[in-house]
Amino acid sequence: MRARALAATTVLALLVTGAPAPAHAAPPVTAAPAAAPCPRLPAPKVTRPPRPTPPPPVPEEQAVGGDALATAGLVAAPGSPAPPAVTATTWLVADLDTGAVLGACGPHEYGIPASTQKLLLAATLLNRLDPKQVATATRADLDIERGSSAVGLLVGGRYPVETLWLGLLLQSGNDAANMLARLGAGSARAGVAEMNAEAHRLGARQTHAATPSGLDGPGQFTSAYDLALIARACFADARFRQYALTERTQIPAQPALKKGGFQIQNENQLIYRYPGALGGKTGFTELARHSYVGAAQRGGRRLVVTLLGAESRPVRGWQQGGQLLDWGFSLPRDASVGRLVDPGELDAERVAPSGSPAAARPTPPPEWRGPAGTALRRMADGDWQVIVPAAGLLALIVGGFAAVVVARRGRSRRAGRRRA
């Protein structure tokens, strides 16, 4: 009986303090703010092939990393200085270590990767191949678009795998890309399938590879956000960091083919001209225009920048990357508009096996309704304007109830003594 009385008084207190609300009241609908335009640097007009139609946007994919990233415009932390104007159509700056996205322009808008796609090849196969393995180049490895970038491999030439990785990252060798895909997966086509599987695992859901090198292919797309996920996976690998900072290397001579060796140099000017540069990857096709990925460290922070669809005039792609890195380093360490998801995170959220931590998470309680529900929800949210009066009123009611109980006990004892 006493428990029932106490429960009744508790509910009474909540009903008094809770603001009345209709059972089916809906929150007010506010219009979404218009996307801030991206600062654009005027670029000369160029002639290029018609761009392919990208896949239709998927809302869940556009919001990967945070709802604020689902915009075609500029997203930056409140109070941040304006980012530099660039010719890139999309870009993103993120922290390599924490995964925080510092700012972006159309981060989930589809773009064409060009040779920045070679980073996905590295993220997929770098740890599957022995760098000391020596392999023979085939004619199929050299089946690349005429005039496209190449290391200069020879059919029948024998090359260490480490040399192929350096040729891929320093000279953007499309022949090296084909050969590495074949060595790692059995064929270039199988290598592309492995790359797409790795992109999915990393959470790069807007990325689809059609070639291992980044040469244009049907349905080949990526986004600035996806490139940041891929770059983060690459820079987590010590061998990749070593290769990306290598300034020059020697392509070995081929005595059996009566061909001498030669030297190649790193085409990424960031490593020569930007203090603290960690390396990255350049890219260009007539269809994609200029793409770029670059990373640098300063003051204990490591940032990465990705950009797509840029023109080299009036500012080259790596310089645009450097300007955006400068902007990122100028922001406070806690500046963030989103984050880079962890590898496998999206799959774990979608399908959580029984007994896994994700499956063990309690489901949220049903929506509370009515005046009591309003009060309970506000108290659960830490609203002290409700907690303090409710606690005070509840204390008075409980105190009064306790006084009544004590008084009744006193009368019972006196009555008992008279009966004795």
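Residues numbered from 1 in each chain as written. Predicted model: local features only at pLDDT ≥ 70, side-chain atom pairs only at ≥ 80, totals over all residues. Heavy atoms only, no water.

Draft legend 1. Here's a closer look at the overall build of the protein. Counting its regular elements, the protein contains 14 helices and 11 strands. Residue burial in the protein is summarised as follows: out of 420 residues, 44% are buried. Partitioning the intrachain contacts of the protein with sequence separation of at least 6 by distance along the chain shows that 70% fall at a separation of at least 24. If you sum the accessible surface of the protein, you get close to 21300 Å²; carbon and sulfur atoms cover 57% of it. (Helix = DSSP H or I, 4+ residues; strand = E, 2+ residues; numbered from the N terminus. Buried < 20%, exposed > 50% of the residue type's maximum accessible area, 1.4 Å probe, protein only. Contact = heavy atoms within 4.5 Å. Areas by Shrake-Rupley, 256 points an atom, 1.4 Å probe, with all protein chains shown as cover.)

Draft legend 2. How the structure looks around unusual backbone geometry. The residue after R313, namely P314, is reached through a cis peptide bond having omega 5°. Mapped onto the secondary structure, P314 falls in the loop between strand 10 (301–310) and helix 10 (317–330). Even without being glycine, A114 reaches a positive phi, approximately 55°. Classification of A114 by relative accessible area gives buried; the value is 0%.

Draft legend 3. Representation of helix 5 (residues 174–185) in the model. Counted at 1.5 Å a residue, the expected span for helix 5 with its 12 residues is 16 Å, and the 16 Å between its end C-alpha atoms agrees. Those residues of helix 5 not exposed but buried are N174, D175, A176, A177, N178, M179, L180 and A181. Taken together, the buried residues of helix 5 touch helix 3 (118–125), strand 4 (134–136), helix 4 (161–170) and helix 6 (188–202). The positive-phi residue at the C-terminal boundary of helix 5 is G186, with phi of around 105°. (Expected span 1.5 Å × (residues − 1).)

Draft legend 4. Up close: the nonpolar core. Membership of the largest hydrophobic core comes to 87 residues, with the highest contact counts inside it found for W91, L121, W165, Y225 and F240. It is helix 7 (residues 224–235) that provides the largest number of residues to this core, a total of nine residues. Residues within four places of W91 in sequence aside, it is in contact with L74, P83, V86, G103, A104, C105, A224, T306, L307, L324 and W327. (Core = buried A, V, L, I, M, F, W, Y, C linked by side-chain atoms within 4.5 Å.)

Draft legend 5. Region of the structure containing the side chain of T90. Within the secondary structure, T90 is located in strand 2 (residues 90–95). Classification of T90 as buried rests on a relative accessible area of 5%.

Draft legend 6. A look at the confidence of the model for the protein. For the protein, per-residue confidence averages 83 on the pLDDT scale, and 75% of positions sit at 70 or higher. The low-confidence segment residues 357–388, where pLDDT is below 50, has 39 contacts with residues more than four positions distant or belonging to other chains. Across residues 412–420, where pLDDT falls below 50, the model places zero contacts with residues more than four positions away in sequence or in other chains. (pLDDT = per-residue confidence, 0-100.)

Draft legend 7. Fine view of the packing of helix 3 against helix 4. Where helix 3 meets helix 4, the axes come as close as 10 Å, and the angle between the chain directions of the two elements is 155°. Compared by their axis directions, helix 3 and helix 4 come out roughly antiparallel. The chirality of how helix 3 crosses helix 4 is left-handed. Residue-level inspection shows K118, L119, L121, A122 and L125 of helix 3 in contact with helix 4, the latter providing W165, L168 and L169. Here the contact of helix 3 with helix 4 is composed, by residue class, of seven nonpolar, no polar and one charged. (Axes fitted to C-alpha atoms, helices over the stretch in contact; angles between N-to-C directions. Parallel < 35°, antiparallel > 145°, perpendicular 65-115°, else oblique. Left-handed = near helix turned anticlockwise from the far one by under 90°. Nonpolar A, V, L, I, M, F, W, Y, C, P; charged D, E, K, R; others polar.)

Draft legend 8. Fine view of the environment of Q323. Following the sequence through the fold, Q323 ends up in helix 10. Distance from Q323 to P83, taken between C-alpha atoms, is 8.5 Å for residues 240 residues apart in sequence. Beyond its immediate stretch of four places on either side in the chain, Q323 contacts P84, A85, V86 and V315.

Draft legend 9. Seen up close, the pairing of strand 10. Taking burial as the measure, the 10 residues of strand 10 include 10 buried ones, the bulk of the element. Relative to strand 10, strand 2 is paired through six bridges, and the arrangement is antiparallel. Bridging from a neighbouring strand, A94 pairs with V304 of strand 10. The sheet contact formed by strand 9 (residues 289–298) and strand 10 spans eight bridges and is antiparallel. Bridge pairing in strand 10 links R298 to R301. (Pairing = 2+ DSSP bridges.)

Draft legend 10. Seen up close, the pattern of salt bridges. For the structure shown, the criterion picks out 12 salt bridges. Ionic pairing is found between D342 and R232, a salt bridge with its closest N-O pair at 3.7 Å. With D342 in the loop between strand 11 (338–339) and helix 11 (345–350) and R232 in helix 7, this residue pair connects regions lying 110 residues apart in the sequence. In this structure, R289 and E311 form a salt bridge, with 2.9 Å as the shortest nitrogen-oxygen distance. Here R289 is found in strand 9, whereas its partner E311 is found in the loop between strand 10 and helix 10, with 22 residues between them in sequence. When its relative accessible area of 7% is taken as the criterion, R289 is described as buried. A relative accessible area of 9% means that E311 is categorised as buried. (Salt bridge = Lys/Arg side-chain N within 4 Å of Asp/Glu carboxyl O.)

Draft legend 11. Region of interest: the environment of V192. Position of V192 relative to the elements: it lies in helix 6. The spatial distance from the C-alpha of V192 to the C-alpha of H208 is 9.1 Å, given a sequence separation of 16 residues. If we ignore the near neighbours within four places in the chain, the residues touching V192 are A209, A210, T211 and P212.

Draft legend 12. Expanded view of helix 6. Across its 15 residues, helix 6 extends 21 Å between first and last C-alpha, which sits within 8% of the 21 Å expected from 1.5 Å per residue. Among the residues of helix 6, those classed as buried are G191, V192, M195, N196, E198, A199 and L202. Taken down its axis, helix 6 places every buried residue within 160° of arc, on the same side. On its buried face, helix 6 is in contact with helix 3, helix 5 and helix 7. In the segment just after helix 6, G203 is the residue with positive phi, at about 95°. (Arc of directions from axis to C-beta.)

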